[in-house]
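Residue strings, one per chain:
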Amino acid sequence: MPARNGALPKRAAAAASPQSGGGAEKLAIRGVAIDLYAVPLARVLVDAKHGSHSHFELVTVTITLADGSTGTGYTYTGGKGGHAIAAVLEHDLAEALLGKNGLDVEGVSDFIEWHLHYVGRGGIAAFAASAVDIALWDLAARRAGLPLWELLGGERGDCRVYHGGIDLAFTRDELIGSVTGAVERGFEGVKIKVGLPDLATDADRVRAVRAAIGDDVTFMVDANYAMSVDRAIAAARAFAESGILWFEEPTLPDDYLGFARIADATGVPLAMGENLHTIHEFGYAFDQAKLSYIQPDASNCGGITGWLRVAALAERHGIPVCSHGMHELHVSLVASQRHGGWMEWHSFPIEAWILDPVTLVGGRAVAPTSPGTGVDFDRKRLAPHRIGGASVGTRGV
Ligand SMILES: [Mg+2]
């Protein structure tokens, strides 16, 4: 059993603690409001294992304290599971959270872990817990009057960013148009999907992308665990000549030793994290998988608390902490870390549905400077896509 450190980094724990906000009564959670949206994508997006995505689901949670202060968190899916996440929030968490100290972020996180443990330990429960945790961090940062990255002790409010395409069904011309378009928009890194039935076609697309973007643009590939270990070893060798920074999820994310075999056989740097949902899974991955990059997603690994715990483990292992998905939030997290790596600019455009979209300056993603997470949803535009939700206690605005 590998050693684990479940504690938050000191600076983060101090920022969000029951002592940091005054009288406990004022800080009691009085309301939990849940909204579920199904947001259409501009075009159907395809990867190697999840099939076609015509829309993404967005589940938001707004928590209101007795003193009227509020925070909003959220999670998302590729189009399946949103109703179940909203149901866990409504039936299993909302009532249970009423009366708890809303600034005791780590305490609430631990409560939820054990409250849902028997049916949890990842999966749908992890997504629901993450949304609540993000809401409480938003609340803590708003009350502190600080942008999240600053609350977390970040020294600069920006980070490296790459464009992550869900482009396996793109024709070769569409693929080249997508990556060169990203470079023209200012991205200094691009990632494409691989995992087609024919490895020669995959390798040809990888070579074509490298030729199109030139040698100065950072380039990653992502198989969404479509390959066997042996196939991934052959693929890594074929892709290596195109100068890839990492090979993401070449094989099953649960097969930590399979990852290690691929790394040992090829020397190609490996990345994963989007399908690891508990700190224990991350611990095993750090210990066994010979990863070069880790990509936790705060929407499914216990929220910001979970993401920070992974970041602390990554620092101990000398691995840059990157991110998967919801870049409008992760920009603040990656920017807050001394060992922050590359943030993915994800193809589910959640940021197109918020009031202050993320900007790119000099090839870097710039975190919001407003207090909180800076992720304020445009509810009017989202309203036609609302497909569910519930409200328990006082509804915040
Ligand atoms: Mg991926």
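Residues numbered from 1 in each chain as written. Predicted model: local features only at pLDDT ≥ 70, side-chain atom pairs only at ≥ 80, totals over all residues.

Participant: An account of the overall build of the chain is needed here, citing residue identities and associated values.
Facilitator: When helices and strands are counted, the chain shows 13 helices and 14 strands. Taken over C-alpha atoms, the radius of gyration comes to 20 Å for the chain, in line with the 21 Å a tight globule of 397 residues would show. Every one of the 397 residues in the chain was classed for burial, and the buried ones make up 54%. For the chain, contacts bridging at least 24 residues in sequence account for 72% of all contacts bridging at least 6. (Helix = DSSP H or I, 4+ residues; strand = E, 2+ residues; numbered from the N terminus. Rg over C-alpha atoms; globule rule 2.2 N^0.38 Å. Buried ≥ 20, exposed ≤ 12 C-beta atoms within 10 Å, placed from the backbone. Contact = placed C-beta atoms within 7 Å.)

Participant: Explain the packing of helix H7 (residues 199-213) against helix H8 (residues 229-240) to me, using residue names and the numbers behind them.
Facilitator: Across the interface, H7 lies against H8 with an axial gap of 9 Å and an inter-helix angle of 30 degrees. Here H7 is positioned roughly parallel relative to H8, judged by the angle of their axes. Where H7 crosses over H8, the handedness of that crossing is right-handed. Judged by residue contacts, Leu199, Asp202, Ala203 and Val206 of H7 engage Ala234, Ala235, Ala238 and Phe239 from H8. Tallied by class, residues from the contact of H7 with H8 come to seven nonpolar, no polar and one charged. (Axes fitted to C-alpha atoms, helices over the stretch in contact; angles between N-to-C directions. Parallel < 35°, antiparallel > 145°, perpendicular 65-115°, else oblique. Left-handed = near helix turned anticlockwise from the far one by under 90°. Nonpolar A, V, L, I, M, F, W, Y, C, P; charged D, E, K, R; others polar.)

Participant: Before we move on, could you go through the pairing of strand E4 (residues 158-164) and cite the residues and values that matter?
Facilitator: In terms of residue burial, E4 counts as a mostly covered element, since six of its seven residues are buried. Across three bridges, the pairing between E4 and strand E13 (residues 364-366) is antiparallel. Looking at the pairing, Arg160 lines up with Arg364 of E13. Summarising the sheet, E4 and strand E11 (residues 340-345) pair through four bridges and their orientation is parallel. (Pairing = 2+ DSSP bridges.)

Participant: Provide a residue-level description of unusual backbone geometry, including the pertinent values.
Facilitator: Residue Glu249 is not a glycine yet carries a positive backbone phi of 40 degrees. Structurally, Glu249 can be placed in the loop between strand E7 (247-248) and helix H9 (256-266).

Participant: How would you sum up the sheet that holds strand E2 (residues 51-65)? Please name residues and give values.
Facilitator: The antiparallel open sheet is built from four strands, whose spatial order is E3-E2-E1-E14. Each edge of the open sheet is held by one strand with a lone partner, namely strand E3 (70-77) and strand E14 (386-393). The sheet shows a mean angle of 15 degrees between the axes of neighbouring strands, taken without regard to direction. In the sheet, strand E1 (residues 29-47) pairs with E2 via 14 bridges, with the strands oriented antiparallel. Across the sheet, the residue bridging to Ile29 is Leu65, located in E2. Across the face of the sheet, helix H2 (residues 82-97) comes into contact with E1, E2, E3 and E14 while running at roughly 165 degrees to E1. Contacts between helix H4 (residues 123-144) and the sheet are confined to E2 and E3, with E3 contributing the most and set at about 150 degrees to the helix.

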